[in-house]
Amino acid sequence: MSFVALTWMNCIRRHLLPKARFLHTLQVLQSEQILMSPSLASLDLPDIWTPNYSCQSSPAILKSGNEQTAMVLDGKLMSTEIRSKIADQVRQMKKCLGKVPGLAVILVGQRKDSLTYVRNKIIACEEVGIKSLVTELPTDCADADVQNAVMRFNKDPSVHGILVQLPLPQHLDEEKILDALCLEKDVDGFHPLNMGNLALRGREPLFTPCTPKACIELLIRSGVKIMGKKAVVIGRSNIVGLPTSLLLQRHHATVTIIHAFTENPEQITSKADIVVSAAGVPNLVRGNWIKSGATVIDVGTSPVEDLSCEEGYRLVGDVCYEEVVKVASVITPVPGGVGPMTVTMLLVNTLDSAKRMLNFT
Ligand code: GUN
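What counts, and at which threshold
Residues numbered from 1 in each chain as written. Predicted model: local features only at pLDDT ≥ 70, side-chain atom pairs only at ≥ 80, totals over all residues. Heavy atoms only, no water. Pairing = 2+ DSSP bridges. Helix = DSSP H or I, 4+ residues; strand = E, 2+ residues; numbered from the N terminus. Contact = heavy atoms within 4.5 Å. Axes fitted to C-alpha atoms, helices over the stretch in contact; angles between N-to-C directions. Buried < 20%, exposed > 50% of the residue type's maximum accessible area, 1.4 Å probe, protein only. 1 Å grid on protein atoms, 1.4 Å probe; cavity = no way out; pocket = protein on both sides within 12 Å on 5 of 7 lines; lining within 4 Å. Points joined across faces, edges and corners; volume = space filled by probe spheres on them. Nonpolar A, V, L, I, M, F, W, Y, C, P; charged D, E, K, R; others polar. Parallel < 35°, antiparallel > 145°, perpendicular 65-115°, else oblique. Left-handed = near helix turned anticlockwise from the far one by under 90°. Salt bridge = Lys/Arg side-chain N within 4 Å of Asp/Glu carboxyl O.

(A) Spotlight on the sheet that holds strand 1 (residues 71–72). With parallel pairing, the six strands of this open sheet are ordered in space as 1-11-8-7-5-6. Because the sheet does not close on itself, it has two edges, and the strands there are strand 1 and strand 6 (254–258). Where helix 11 (residues 241–250) meets the sheet, it contacts strand 5 (230–234), strand 6 and strand 7 (274–277), and its direction lies at approximately 170° from that of strand 5.

What follows is the structure in structure tokens.
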């Protein structure tokens, strides 16, 4: 029941109604609530966006003559600096304890994007001296196979972080699998307790999800103020949109979330100082969605067929870069923006976990 309803009820209880009538009013309120609120299951609609594969500027935007060019944040360069510090600390740990942090990755199936992400994570681990272990399971494996892999890594003292690459094939129970993760090794921050603690004021999660953490790190390192600013997060996935909105709130931004059912998203977005787009829809965010001088963080990475590329596809963001770069004051590119920083945050979380578990400061 909402805070407003409770306060109102306290008011009736204390000042206006005798007990019998109060109870009757309470029953009416409760029955109204049952009648008025649909079940959570029916509220859980999928976010289906309309993709826009070409980003042809509208005549209005082309005519504007606005040639302002935003500062382009280099996620690769920032990552190099952070990774070099991680490598130093891993060396120190090895020297003092004879141990290094260990990251275990569970990959189910052969999704091209997941294979690329996992490969990047393994390479990054190698570069900084973190030990990595990978369990690959076939697409048609059972829940129990994934849970057994999780449990094995939960018990392995050389593993300090466990990551189940998402999305999992549809037939698997993601909730049960993530629940099986040992909280202290949940370097993705997807365990419900870590996510819950992120949402609650006065509580601290052991780990913060890597992409949201990467977005905040990019903002802070490039001198963008978050406190008191209007932020819009586009998309509400458990992996990015939802935790990013929570993290921005923790940094005292005033946050609005936009999803596929939001009316007039462009109007809402055009008032924001900071826009984080994580819809996975190519060219969703156009130049006229953005306030002049705003900061735009593009988390989208959608594969688009491009036969001139070696792999036959290239990754494009949610943001129509050519338009937005002329309006914003700060922008992240795709690729080379949030992506490398996400992997770096995974390394940070794995190192932090190892330091906590091995009592190494
Ligand atoms: N799939 C897309 N992004 C992520 C991520 O950050 N972690 C995991 N485990 N899976 C993902």
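(B) Layout of the environment of Ala279. Positionally, Ala279 belongs in the loop between strand 7 and strand 8 (295–298). Of the residues examined, Ala279 reaches a relative accessible area of 18% and is grouped as buried. C-alpha of Ala279 to C-alpha of Gly317: the two residues are 38 residues apart in sequence and 9.2 Å apart in space. Excluding anything up to four places from it in sequence, Ala279 contacts Trp49, Ile234, Leu284 and Asp318.

(C) Spotlight on the layout of surface pockets. Here the second largest pocket defines a volume of roughly 280 Å³. Together, 17 residues line the second largest pocket, and Asn283, Arg314, Val316, Gly317 and Glu322 are the ones closest to its centre. Secondary-structure elements contributing two or more residues to the lining of the second largest pocket are strand 10 (313–316) and helix 13 (321–324). The element contributing the most residues to the lining of the second largest pocket is strand 10, with three residues. Residues of the lining of the second largest pocket, tallied by class, amount to eleven nonpolar, three polar and three charged.

(D) Just the packing of helix 6 (residues 112–128) against helix 14 (residues 338–357), in detail. Helix 14 packs onto helix 6 with a crossing angle of 55° between their chain directions and a minimal axis gap of 10 Å. Compared by their axis directions, helix 6 and helix 14 come out oblique. Here the hand of the crossing between helix 6 and helix 14 comes out right-handed. Contacts between helix 6 and helix 14 involve Asn120, Lys121, Ala124, Cys125 and Val128 from the former and Val343, Leu346 and Leu347 from the latter.

(E) Region of interest: the pattern of salt bridges. Inspection of the entire model under this criterion finds nine salt bridges. Arg83 serves as the salt-bridge partner of Glu127, at 3.7 Å between the closest nitrogen and oxygen. Highlighted residues: Glu127 in helix 6 and Arg83 in helix 5 (residues 75–97), separated in sequence by 44 residues. Of the residues examined, Arg83 reaches a relative accessible area of 15% and is grouped as buried.

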